[in-house]
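Listed here are the chains, written in short residue letters.
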Amino acid sequence: MTGRPSVKGWCPGAFRPMQSGDGLIVRVRPFLARLTAAQMLGLCDLADTYGNGFIDLTNRANLQIRGVADGGFDTVLDGLNALGLLDETPELEARRNIIVSPFWENDGETARVARALLQALPDLPELPAKFGFAVDLEPERVLQNASADIRIERYDQGSLVRADGAIKGLPVARGEEIAAVLELAEWFVANRTADNRRMAHVLSHRSLPESWQLCAPRAASPQPQPGQHPPGTLVGAAFGQMHVETLARLIQQNGVPAIRLTPWRLLLLEGVQARNLDGFVTHPDDPLLKIDACPGAPFCASATVKTRELARRLAPSISGSLHISGCAKGCARKSAADTVFVGNSGGFDLVRNGHAWDAPEKSGLRPDDTLAELASHP
Ligand code: SF4
């Protein structure tokens, strides 16, 4: 067994990158999950010059550049600052774990509350680094499965502030959301422990006061799919990763003025009906949106196998979860998958129901063998 990589109690950010097998991971948290075309193209340049040439989408609707060498980090930080993608301080960045509905409107409720929450970040108590907020105030509730600890959802004429893990929340009038969020955050801090650092974990050990469990949110909408939506075109990124050239072409050929990020490996191309979508996923059932595969060879120095090539070959045959990892570090997926193929000395190890770093049940598989293994355990 290779052994599990250490679990970090914090999320990487721009100011605080995380060391990975292929260099530093620099995570960028765009404000309201939106980047202008100029910001995204600038990010493409940084990823091309100092990273591995890819930009990853995260499940918190952020972006990350991987493979940054220690020596290039300061220049990347300067570049992000010039693009207007940095917070004023590392402390503010660390607190700014806010996911917004990608369907927000500039004068709508989601944007209003998200901006108020940004203003209130210094007033929050000391929270664990992964603690986050979901602002989901558009007519369709779409962030129900996004990672968050306090949810602000639409409710009658006001909002519902709900602790993650609770079925019901507290209805508040328009404009009173932030006071309620601060109060709920204080309750969390008073009841958290060293082991229970997320709201849902705390709620599994402590009872939330009844006064915080008055009303259920409106029914959730299905997860949005690739296609045309009122604010623009949603397109998917296979494996949640985009090569900078493909991304730049998408922006330029479609005249995209701005891009919004989602937690679902989908990008919203704001204000356009995009037609030139080569290299992106446009069908809701495309398995490339579900497979986890790191960049692999030749993009990462730790890899001895081509991960994406194999992922595309296996995609039509998958039914359960599939993780293809260039090495046992398992950067693309930290949770267990039904099937994991792990690059090892030019071949693949096979792990079932586990992680890239778990003991394999088979080794030395060639790419052709992997298809047979997948078929034997559909
Ligand atoms: S090969 Fe993949 S899993 Fe291994 S360090 Fe590189 S990106 Fe991470």
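Above: the structure in question.
Anyway, here's the lowdown on the structure attached to this text. As the structure is a computational prediction, the values presented were derived from the model and not from experiment.

### A word on the overall build of the chain
So, step 1. On a plain count of helices and strands, the chain comes out with nine helices and 20 strands.
So, step 2. Taken against the 2.2 N^0.38 rule, which gives 21 Å for 378 residues, the C-alpha radius of gyration of the chain at 21 Å falls within 12% of a compact globule.
So, step 3. Judged by the C-alpha coordinates and their principal axes, the chain covers about 60 × 50 × 40 Å.
So, step 4. Going through the 378 residues of the chain one by one, you find that 56% of them count as buried.
So, step 5. Relative to all contacts within the chain whose residues are 6 or more apart in sequence, the contacts with residues 24 or more apart total 60%.

### Observations concerning the sheet that holds strand β5 (residues 63–68)
So, step 1. Overall, antiparallel pairing links the five strands, which are arranged β1-β2-β5-β4-β13 in an open sheet. Every other strand in the sheet has two partners, leaving β1 (18–20) and β13 (241–243) as the edge strands with one partner each. Averaged over all neighbouring strand pairs, the angle between strand axes comes to 30°, with direction disregarded.
So, step 2. One ladder, built from three bridges, connects β1 with strand β2 (residues 23–28); its direction is antiparallel. From the neighbouring strand, Gln19 faces β2, where its bridge partner is Leu24.
So, step 3. Along the sheet, helix α1 (residues 37–50) contacts β2, β4 (54–57) and β5; its crossing angle with β5, the most-contacted strand, is approximately 20°.

### A few points about the environment of Gln157
So, step 1. One can find Gln157 in the loop between β8 (150–155) and β9 (158–163).
So, step 2. Considering only alpha carbons, one finds Gln157 and Lys130, 27 residues apart in sequence, at a separation of 31 Å.

### Brief notes about the packing of α1 against helix α7 (residues 244–254)
So, step 1. Their axes nearest at 9 Å, the elements α1 and α7 cross at an angle of 160°. Judged by the inter-axis angle, α1 sits roughly antiparallel to α7. In this structure, α1 crosses over α7, and the sense of that crossing is left-handed. Across the interface between the two elements, Ala37, Met40, Leu41, Cys44, Ala47 and Asp48 of α1 pack against Val244, Leu247, Ala248, Ile251 and Gln252 of α7.
So, step 2. Per-class residue counts for the contact of α1 with α7 are nine nonpolar, one polar and one charged.

### Here's the deal with the pairing of strand β18 (residues 337–344)
So, step 1. Most of β18 is tucked away, with six of its eight residues classed as buried.
So, step 2. Bridging between strand β17 (residues 322–325) and β18 involves four bridges; their strand directions are parallel. Within β18, the position partnered with Ile324 by the bridge is Phe341.
So, step 3. Bridge count between β18 and strand β19 (residues 347–354): seven bridges; the pairing is antiparallel. Bridge pairing links Thr339 to Arg352 in β19.
So, step 4. In this antiparallel pair of consecutive strands, β18 and β19, the connection spans two residues, and Ser345 shows a positive phi of 55°.

### Quick notes on the nonpolar core
So, step 1. Formed by 75 residues in total, the largest nonpolar core has its most connected members in Leu43, Leu80, Leu247, Leu261, Leu267 and Leu269.
So, step 2. When residues are assigned to domains, this core turns out to be shared by domain 1 (18–88 + 227–270) and domain 2 (104–212), each giving three or more.
So, step 3. Leaving out residues up to four positions away in the same chain, Leu269 has contacts with Pro231, Gly232, Thr233, Val235, Leu250, Val256, Ala258, Ile259, Ala274 and Leu277.

### Considerations on α1
So, step 1. Here α1 contains 14 residues, and its C-alpha end-to-end distance of 20 Å stays within 8% of the 20 Å for a straight helix at 1.5 Å per residue.
So, step 2. Of the positions making up α1, those classed as buried are Ala37, Gln39, Met40, Gly42, Leu43, Cys44, Leu46 and Ala47.

### What about the site of the ligand?
So, step 1. Around the ligand lies a shell formed by Gly21, Asp22, Cys294, Pro295, Cys300, Ser302, Ala303, Ser325, Gly326, Cys327, Gly330 and Cys331.
So, step 2. Tallied by class, residues from the shell around the ligand come to six nonpolar, five polar and one charged.

### Regarding the side chain of Asp292
So, step 1. Of note, Asp292 is situated in strand β16 (residues 292–293).
So, step 2. Excluding its chain neighbours within four sequence positions, the residues that come into contact with Asp292 are Arg265, Leu322, His323, Ile324, Ala332 and Arg333.

### Remarks on the sheet that holds β9
So, step 1. What the five strands build is an open sheet, ordered β6-β7-β8-β9-β10; its pairing is mixed. Looking at strand neighbours, the two that pair on one side only are β6 (98–100) and β10 (170–172), the edges of this open sheet. Shown here is a sheet whose adjacent strand axes are inclined to one another by a mean of 25°, direction ignored.
So, step 2. Note: β6 against strand β7 (residues 133–136), three bridges, orientation parallel. Across the sheet, the residue bridging to Ile99 is Ala134, located in β7.
So, step 3. Across the sheet, helix α4 (residues 109–120) is in contact with β6, β7 and β8; its angle to β7 comes to roughly 155°.
So, step 4. The sheet contacts of helix α5 (residues 177–191) involve β7, β8, β9 and β10, and relative to β9 the element is tilted by about 10°.

Rules behind the numbers
Residues numbered from 1 in each chain as written. Predicted model: local features only at pLDDT ≥ 70, side-chain atom pairs only at ≥ 80, totals over all residues. Heavy atoms only, no water. Helix = DSSP H or I, 4+ residues; strand = E, 2+ residues; numbered from the N terminus. Rg over C-alpha atoms; globule rule 2.2 N^0.38 Å. Buried < 20%, exposed > 50% of the residue type's maximum accessible area, 1.4 Å probe, protein only. Contact = heavy atoms within 4.5 Å. Pairing = 2+ DSSP bridges. Axes fitted to C-alpha atoms, helices over the stretch in contact; angles between N-to-C directions. Parallel < 35°, antiparallel > 145°, perpendicular 65-115°, else oblique. Left-handed = near helix turned anticlockwise from the far one by under 90°. Nonpolar A, V, L, I, M, F, W, Y, C, P; charged D, E, K, R; others polar. Core = buried A, V, L, I, M, F, W, Y, C linked by side-chain atoms within 4.5 Å. Domains from an automatic or database assignment. Expected span 1.5 Å × (residues − 1). Near = heavy atom within 4 Å.

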